[in-house]
Amino acid sequence: MLLCLLFQIRSPSGYNFLRENKILPLPCVNSIRNHLLAVKIGCGFDLNLFKLLKKKFSSKSDFQRKGLEDYGGEVPCEEGRDKKANHGLVFMWQSLAENFTQPIAVFASNGPVKGVDLAKLIVKAIVLMEDSGGQMMGITSDRATTNRSMWNSLGVSAKKENFQNYFVNPYDSTRKVYVFSDAPYLIKTVVNRLFKNKELKIDPLKPSIKWEHYVNLFKIESNSLVKVCPKLTKHYLPIEKVYILIIKQI
């Protein structure tokens, strides 16, 4: 529809010629506008979208219907609806078996939302996706304050003494929905810890990882023609704002 409208805007005479002579089955401009006006534009879950997804999933295999739900850091708050929005959230479904991603909801809010409200939105998104035929295997997010609160509301814990990385699927109690931290955020967390304390202990039975290891690596490779990390330069080591680039280069 949009391509037809763009074509008509670009060349009205060419569009009319192709349509009137039935060279291409182009719709009337008024029909295009009526269809576009009928499209719901707003925040929240679009139930018509899930009807279309249900039709699409009906032709997919069981494995193709499995996917991850990916969401941003903020969601709309119930309070202050009269205020201008300065935060946004998009829920997106990602298939594990094929190159298929689909945004399923968008929200706007003034400031970040409480974790419990975020958990409610996630539960509703899972129920709607499952009812459409998709299978929710997990959700992924960073560990921002609102997301950590959301984890707690869903019974998820990253602590060693009470570790649990899943919650029961609200649509099908026989399955689990796993919770993941996104990889870039995990790398950033490790680097922050290593740079701040200069030492990181992962296994009590193994030696610690130290910041000086990277410094020594740079010193050794500075006098060598063959480099393991050729992009690791002096420019990255002493500057706090760019130290994360060291990990990326390695």
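Everything discussed here concerns the structure shown above.
Nothing here was measured: the structure is a model prediction, and the numbers come from that model.

Draft legend 1. Summary view of the packing of helix α5 (residues 115-132) against helix α6 (residues 145-153). Contact geometry of α5 with α6 gives a least axis separation of 7 Å together with a crossing angle of 65°. If you check the angle between α5 and α6, you find them roughly perpendicular. The two elements α5 and α6 cross, and the hand of that crossing is right-handed. Listed contacts from α6 to Gly115, Val116, Leu118, Ala119 and Ile122 of α5 are Thr146, Asn147, Ser149, Met150 and Ser153. Grouping the amino acids of the contact of α5 with α6 by side-chain chemistry returns 5 nonpolar, 5 polar and no charged.

Draft legend 2. Layout of α6. All of the buried residues in α6 are Thr146, Asn147, Met150 and Trp151. Down the axis of α6, the smallest arc covering the buried residues is 145°, so these residues share one side. Exposed side of α6, more than 90 degrees from the buried face: Thr145 and Asn152 are the residues found there. Once α6 ends, the next one or two residues include glycine 155, with phi positive near 80°.

Draft legend 3. Seen up close, the nonpolar core. Ranked by internal contacts, the top residues of the largest apolar core, which has 30 residues, are Phe91 and Ile104. Of all the secondary-structure elements, those providing two or more residues to this core are α4 (47-57), β3 (87-95), β4 (101-109), α5, β5 (135-141), α6 and β7 (176-181). Counting residues in each nonpolar core, the second largest holds 7 residues, with Leu5, Leu26, Val29 and Ile32 among its members.

Each value, and the rule that gives it
Residues numbered from 1 in each chain as written. Predicted model: local features only at pLDDT ≥ 70, side-chain atom pairs only at ≥ 80, totals over all residues. Heavy atoms only, no water. Axes fitted to C-alpha atoms, helices over the stretch in contact; angles between N-to-C directions. Helix = DSSP H or I, 4+ residues; strand = E, 2+ residues; numbered from the N terminus. Parallel < 35°, antiparallel > 145°, perpendicular 65-115°, else oblique. Left-handed = near helix turned anticlockwise from the far one by under 90°. Contact = heavy atoms within 4.5 Å. Nonpolar A, V, L, I, M, F, W, Y, C, P; charged D, E, K, R; others polar. Buried < 20%, exposed > 50% of the residue type's maximum accessible area, 1.4 Å probe, protein only. Arc of directions from axis to C-beta. Core = buried A, V, L, I, M, F, W, Y, C linked by side-chain atoms within 4.5 Å.

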